[in-house]
Amino acid sequence: MTTPHLDQIWERTVTGLKAQAGAPMVFGGPVRAGGLELRYFSGARTSALRDLNVARGAGLGGKVWRERRPAEVDEYSAATSITHHYDEPVGREGLRAIVAVPVLQGGQVRGVLYAGSREAGACGDRLRSLTWGMARRLSADLATEAEIERRLAARMAESAALRERIRRIHAELRVLKGEAKDPALRRKLAALAEDVTGGARPAQRHERTALSPRERDILALVAEGLSYRYVGERLGLAQQTVKSYMRDIIARLGVHSRHEAVVEARRQGILP
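As a starting point, this report considers the structure included with it. (Residues numbered from 1 in each chain as written. Predicted model: local features only at pLDDT ≥ 70, side-chain atom pairs only at ≥ 80, totals over all residues. Heavy atoms only, no water.)

**Examining the pattern of salt bridges**
Inspection of every chain in the model, using the stated rule, returns 22 salt bridges. Between E164 and R167 there is a salt bridge, and its shortest N-O distance comes to 3.0 Å. Here E164 and its partner R167 are both found in helix 4 (residues 124-179), three residues apart, which amounts to about one turn of the helix. Residue E164 is classed as partly exposed on the basis of its relative accessible area, which comes to 34%. (Salt bridge = Lys/Arg side-chain N within 4 Å of Asp/Glu carboxyl O. Helix = DSSP H or I, 4+ residues; strand = E, 2+ residues; numbered from the N terminus. Buried < 20%, exposed > 50% of the residue type's maximum accessible area, 1.4 Å probe, protein only.)

Right under this line is the structure:
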């Protein structure tokens, strides 16, 4: 599956090469588990090649994929250096001379870029050189995008881990508040727990459903995935009492399950 940014990079490449080289048709696509996917086109007259999956070693693109080096044919239908699995769609498009270049990353073929003509023997040194150069540029652009995606995924994972730590701390603060004997300490722990949630979505404070402190204690532990029995043990309540509280919480939040209650509470800023 490609992202919008990857689509833009490929589309910019094929349209740019066509404009620079003046080739009748430029196309290409990424190598995936299912094959080489021809997804991007500039100058196509038909849809014959669109979304074609080229097998490794088959046709011109499959040869380039397997050998990891550029290749070309001056007359596709008569070429002896390639297999002819795709003569029918190539013929429907009217392509005869084609140059194909691998898009390499880390020594692996990540895609293939083609430039073709509807005249035999029309590739030439200029088209060949421009296609090779554009394939190298495409490889660099894709590598940059992959690094951006990697860093973004790492940042998102770090953020998710931080949110989970904050939620665990919030749940523990609510438990400690209930266990504290000193009224001043209870108030301080309650204020800290409120700060955790209040800072998460300040713009939504006015939306919060009114839940009692005990209901918030229970919901915070339920949000951690704890069973009603274990929630009761942590808070000194019977399991049936916890269930009764949760029924009230679910009704008050206007939802239908404990999972939906947690999601809605987080949306309102009741939970971090």
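**Concerning the pairing of strand 7 (residues 108-117)**
Among the ten residues of strand 7, eight are classified as buried, and the element is accordingly described as predominantly covered. Here six bridges tie strand 1 (residues 25-32) to strand 7, and the two strands are oriented antiparallel to one another. Paired with G28 across the two strands is L113, which belongs to strand 7. As paired strands, strand 6 (residues 97-105) and strand 7 are joined by nine bridges and run antiparallel to one another. Bridging from a neighbouring strand, I98 pairs with G116 of strand 7. Between strand 6 and strand 7, which follow one another and run antiparallel, lie two residues, and G106 among them has a positive phi close to 60 degrees. (Pairing = 2+ DSSP bridges.)

**Some thoughts on the packing of aromatic side chains**
All chains considered together, the criterion is met by three aromatic pairs. Centroid distance W10 to Y40: 5.5 Å. Interplanar angle 5 degrees. Geometry classified as stacked. A residue pair is termed long-range when its members are at least 10 positions apart, and W10 in helix 1 (residues 4-21) and Y40 in strand 3 (residues 40-42) qualify at 30 residues. Grouping residues by exposure puts W10 and Y40 together as buried. A centroid spacing of 5.7 Å and a plane angle of 5 degrees characterise the contact between F27 and F41, whose relative ring orientation is stacked. Within this pair, whereas F27 is found in strand 1, its partner F41 is found in strand 3, the two being separated by 14 residues in sequence. We classify F27 as buried; its relative accessible area is 3%. Of the residues examined, F41 reaches a relative accessible area of 15% and is grouped as buried. (Phe/Tyr/Trp six-rings, centres within 6.5 Å; stacked < 30°, edge-to-face > 60°.)

**Here's the deal with the side chain of S139**
Locating S139 in the fold gives a position in helix 4. With sequence-adjacent residues up to four places away left out, S139 is seen in contact with V103, L104 and Q105. (Contact = heavy atoms within 4.5 Å.)

**Concerning the nonpolar core**
By size, the foremost hydrophobic cluster in this structure holds 26 residues, and its most contacted members are L38, L49 and Y114. Residue assignment for this core shows that the elements contributing at least two residues are strand 1, helix 2 (59-67), strand 5 (71-73), strand 6 and strand 7. Apart from residues lying up to four places away in sequence, Y114 is in contact with M25, V26, F27, G28, L36, L38, V54, G61, I98, V99 and A100. By size, the runner-up hydrophobic cluster in this structure holds 22 residues, among which are V231, I249, A261 and L271. (Core = buried A, V, L, I, M, F, W, Y, C linked by side-chain atoms within 4.5 Å.)

**Considerations on unusual backbone geometry**
With a phi close to 65 degrees, D51 is a non-glycine residue in the positive phi region. Looking at where D51 falls in the secondary structure, it is placed in the loop between strand 3 and strand 4 (53-54). One non-glycine residue with positive phi stands out, namely R68, at about 60 degrees. You can see R68 is positioned in the loop between helix 2 and strand 5.

**Quick look at the environment of G22**
One can find G22 in the loop between helix 1 and strand 1. Under the relative-accessibility criterion, G22 is labelled exposed at 58%. Between the alpha carbons of G22 and A71 there is a distance of 19 Å; along the sequence they are 49 residues apart.

**A word on the pairing of strand 6**
Summarising burial for strand 6: eight of the nine residues are buried, a large majority. Two elements, strand 5 and strand 6, share three bridges in a ladder whose sense is antiparallel. Paired with V73 across the two strands is I98, which belongs to strand 6.

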